[in-house]
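For reference, the chains in residue letters:
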Amino acid sequence: MENNMSGNRKVIVFQLGEEEYAVSVQQVGSIERLIPITRVPQTADFVKGVINLRGVVTPVIDLRLRFGMEETDYNDSSRIIIVFVDNMEVGLVVDAANDVIDIPESKIEPAPEVIGTVDAKYIEGVAKLEDRLLILLNMQKVLTEEEMEELKSVEG
Amino acid sequence: MDTSGYLTVFIDESNEHLEVLYNQLLALEKQPEETAIIEEIFRAAHTLKGMSATMGYHDLASLTHKLENVFDAIKEGKISVQSEMIDVLFAAVDYLHEMVEDISAGGNGSKDVTDVVEQLKCLEQGETLPHEKPQLEASQEPAVHSQQMKNIDEFAMTILQESKERGYTNYEISITLKEDCLLKGARVFMIFEVLEKLGEIVKSDPSVTELEEEQFDHTFTVLFISEHKKETIQINIEKVSEIEAVEIVPFNIEQHQEKEQDSRKLAENQGTTKVKETKQRSSKGVANKTIRVNIDRLDVLMNLFEELVVDRGRLEQLAADLDNKDLQDTVEHMSRVSSDLQSIILTMRMVPIEQVFNRFPRMIRQVARELNKQVEVEIIGAETELDRTVIDEIGDPLVHLIRNAIDHGIEAKEARINKGKPEYGTLKLEAYHSGNHVFIEIEDDGAGIHKEKVLNKAISKGVISEGQAELLSDQQIFELIMSSGFSTADQVSDISGRGVGLDVVKNTIESLGGKITIDSKQDRGSVFSIQLPLTLSIISVLLIELQKEKYAIPLSSIIETAIVHQDEVMHAHHTKVIDFRGKVVPLAFLNDIFAVKQPADAETNAYLSIVIVKKGNKMVGLVVDSFIGQQEVVLKSLGNYLTNTFAISGATILGDGEVALIIDSNALVK
């Protein structure tokens, strides 16, 4: 889908467990430290609730839970990455936000069929940079309803 | 010239001018000799013409030009205003309205208006007068539209000319990319690559550099020379993904040249008249000192301001703790300034109801003509201000009520004369403020509502039982016409309906947090009275607590709060109920419904705190842990991600910056 002529893609890199993920910088509004989250009842497990983002009520999802990983307590390095996709503004709780880098398009490979236990649909590709392996996320897929429904049904 | 930045201003202003045209035409119908009105119409048409020509909407410009010509002729006394002219003029303005709507919907405002143009021309010529001004033929316009390309330089023209002589075909290709296309620049690049294999691109609009920098909306146009057929080109372009539409038309050089000349002529014409206009303005000295602000920006301002209020709260707290006199004074001053600021921001969102009322006279005229009735409109309190959000929603229900009043309220001329009433029926629209509410009343002096008929129909439709019927007050009977199931699509009664029942109106108004009441006197007329909150963004709520979580329940749905001893809770068919003033009210334990985490050492309280809420005439008691108190809060949406959240209608930000959810109690009442 992406066919960038410039040859480089600027991404925000963040940490979930041992893995490093990347999301395109255009989709990121800001990176916030943890602020109090208000729980919203009767929503999917990974929806942690809503936060007051400078006067705007913004939903927050726990990306670990979204990807079926184990839940951990939030700590000082936890961050909320605010992303904008399809008119939606959503915060993603991640273990840590590491840095901003340029990935050459040529280094991006299609996603392998299975990565760990995670359903790979929202993975756009992987990029190998020296000794780092970055997993590029397709944010639309991470957020879309249909995917969420699927996940719910899998988890029961 | 790139005019896209002015589009919204253009649309807003065009609508204002159309409003003037409508209103003045209505006035002209009553006073055909009044020169001030004729002048006003001429001015509005003239300005509209100038604006639309500048923006490149040629159909719009040429039709207004025709309209202007007619009024020019009237002004100079060549023709006089006849009542049959008015209909044609209204039709023309209706067309203009449609064009502007098309433009605001993203179209190019083109429309086949030949019939009206012909009629206008006849009007303008009167009987014998020859027309003096050179005119743009609007009837030709539709053929020209497909060709949008402008400013083709001589060099390009020569190439096009030559290629044609050599047997190649010139095409104008418009390509629209899908709206969600991510890398527009890349798409353009791919399309160009395809095209270059098939022929030669002479020119593109916007320019290649702009296209590469993605400085275009979603559509671009290229002039293209090729020996291939149109279909071949089409297929090849469509191979590139994320393309919405491809339109290929042969490019006709002659036609293009003609069009260029025309628009130049038009532009010159305007140049001279514009000056006249400004002079007039300045001599009158009427300057409108307002600016247009996008409502989204006001929302942002409001959000930021609330943050400031939260910080203010913290500062106040800190100042009190530190007990420093200077600090306290400063914080207090800041508090005062910021509350003034808050009220200013709120009033910035207020607009006069005039905006809604203004479209009614012409609508009433139309409906009255359709039904062959004579109706006069009286508008009172058009300057009453309402929040923008309410204004946007209230138009449709009002239209419905007005149509209803003319259709079923006001009698036909003969019937009125027989009853000894003036032959013109009067429809009164009135708006006024009272407390925290705005009232809008629609009053007619028509036949009124026939109580017996309403009752009989309500009973026959099963809306109420005969026993219930006896207990109802007159007002309650009238209000039956708004209950669902009263009017159905297959039966248009003489009291309600045009197919769609008034229940829709009632629902809309209630969803806005308003109320509607009806009063009526047989043969004297009816009054529909609507009560609305001043703004939808601020509501009164009761804050409650469930363990450590705070929630808000809108006061509008609360009947009262109660504290009930555990012993008074009864069981009725697996449901816990209480006896509330002689009525059995089921209980809903919010802690369970919202799955609130209970601390391990939670002790059961001997008393239950209950909020009794209603939906229609059903009640439910919501069991909460504690009441915090009543508060005015700013309503916020949960965003596009969390839609359809069960029993939660929105959120608000509390004084300490935390988010509290607003409970939609309707979802909790079965």
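Note that the structure is predicted; figures quoted are calculated from it, not measured.

**Looking at empty space enclosed by the protein**
Tallied over the entire structure, the rule returns 1 cavity of 30 Å³ or more. Around the largest cavity sit A:D62, A:T72, A:D73, A:Y74, A:S78, A:V93, A:V94 and A:D95, which together line it.

**So, the side chain of B:E549**
Relative to the helices and strands, B:E549 is located in strand β13 (residues 549-554). At 2.7 Å, the side chain of B:E549 and the side chain of A:R39 are in polar contact. The contact partners of B:E549, leaving out residues within four places of it in the chain, are A:R39, B:I544 and B:V596.

**Comments concerning the environment of B:F71**
Relative to the elements of secondary structure, B:F71 occurs in helix α3 (residues 58-75). Beyond its immediate sequence surroundings of up to four residues, B:F71 is in contact with B:L25, B:L28, B:I38, B:I41, B:F42 and B:L89.

**Regarding the UniProt feature "modified residue: Phosphohistidine" (unreviewed entry) in chain B**
Mapped onto the present numbering, the UniProt feature "modified residue: Phosphohistidine" (unreviewed entry) falls at B:H46. Structurally, B:H46 is set in helix α2 (residues 35-55).

**Some thoughts on the packing of aromatic side chains**
A full pass over the atoms with the stated rule returns 9 aromatic pairs over all chains. When the ring of A:F14 is compared with that of A:Y21, the centres are 5.9 Å apart and the planes differ by 15°; the resulting orientation is stacked. Residue A:F14 is classed as buried on the basis of its relative accessible area of 0%. The buried category is assigned to A:Y21, whose relative accessible area is 2%. Where B:F357 meets B:F360, the ring centres are 6.2 Å apart and the plane angle is 45°; that geometry is what we call tilted. Just as B:F357 is buried, B:F360 falls in that class too.

**Looking at the sheet that holds strand β22 (residues 659-663) of chain B**
Residues and elements named next belong to chain B. The 5 strands lie next to each other as β20-β12-β13-β22-β21, forming an open sheet whose pairing is mixed. Each end of this open sheet is capped by a strand with a single partner; those strands are β20 (626-634) and β21 (648-653). Pairwise comparison of adjacent strand axes, ignoring direction, gives a mean angle of 35° for this sheet.

**Focus on the sheet that holds strand β15 (residues 570-572) of chain B**
Residue and element names in this part refer to chain B. Spatially, the 6 strands line up as an open sheet ordered β14-β18-β19-β17-β16-β15, and their pairing is mixed. Both edges of this open sheet fall to β14 (558-565) and β15, since each of them pairs with a single strand only. For this sheet, the mean inter-axis angle between neighbouring strands, taken without regard to orientation, is 40°. Direction of pairing for strand β16 (residues 575-580) relative to strand β17 (residues 583-589): antiparallel, over a ladder of 4 bridges. Its bridge partner lying in β17, D579 is registered against V584.

**Examining the packing of helix α1 (residues 7-30) of chain B against α2(B)**
Residues and elements named next belong to chain B. Orientation of α1 relative to α2, taken along the N-to-C sense of each, is 155°, at an axis distance of 9 Å. In this view, α1 runs roughly antiparallel relative to α2, as classed from their interaxial angle. In this structure, α1 crosses over α2, and the sense of that crossing is left-handed. Seen from α1, the contacting residues are L7, F10, E13, S14, H17, L18, V20, L21, Q24, L25, A27 and L28; seen from α2, they are I37, I38, E40, I41, A44, A45, T47, L48, M51, S52 and M55.

**Observations regarding the interface of chain B and chain A**
Taken together, the contact pairs 32 residues of chain B with 28 residues of chain A. Each partner contributes to the roughly 2,600 Å² buried at the junction of chain B and chain A, and carbon and sulfur atoms together form 63% of this total. In terms of surface lost to chain A, no three residues of chain B exceed B:Y641, B:L642 and B:V659, which account for 28% of the buried area on that side. There are 1 salt bridge connecting chain B and chain A. On the surface where chain B and chain A come into contact, there are 8 residue pairs in polar contact (both at pLDDT 80 or more). The set of elements that each furnish at least two residues to the side of chain B that touches chain A consists of α8 (184-198), α12 (295-322), β13, β21 and β22 of chain B. Among the elements that line the side of chain B that touches chain A, the one with the most residues is α8(B), at 5 residues. Classifying every residue of the side of chain B that touches chain A by side-chain character gives 20 nonpolar, 6 polar and 6 charged.

Procedures and definitions
- Residues numbered from 1 in each chain as written.
- Chains lettered and ligands numbered in written order.
- Predicted model: local features only at pLDDT ≥ 70, side-chain atom pairs only at ≥ 80, totals over all residues.
- Heavy atoms only, no water.
- 1 Å grid on protein atoms, 1.4 Å probe; cavity = no way out; pocket = protein on both sides within 12 Å on 5 of 7 lines; lining within 4 Å.
- Points joined across faces, edges and corners; volume = space filled by probe spheres on them.
- Helix = DSSP H or I, 4+ residues; strand = E, 2+ residues; numbered from the N terminus.
- Polar contact = N/O pair within 3.5 Å; in protein donor to acceptor, adjacent residues only side chain to side chain.
- Contact = heavy atoms within 4.5 Å.
- UniProt positions renumbered as here; feature names shortened; annotations may be inferred.
- Phe/Tyr/Trp six-rings, centres within 6.5 Å; stacked < 30°, edge-to-face > 60°.
- Buried < 20%, exposed > 50% of the residue type's maximum accessible area, 1.4 Å probe, protein only.
- Pairing = 2+ DSSP bridges.
- Axes fitted to C-alpha atoms, helices over the stretch in contact; angles between N-to-C directions.
- Parallel < 35°, antiparallel > 145°, perpendicular 65-115°, else oblique.
- Left-handed = near helix turned anticlockwise from the far one by under 90°.
- Buried area = accessible area lost by both parts, 1.4 Å probe.
- Salt bridge = Lys/Arg side-chain N within 4 Å of Asp/Glu carboxyl O.
- Nonpolar A, V, L, I, M, F, W, Y, C, P; charged D, E, K, R; others polar.

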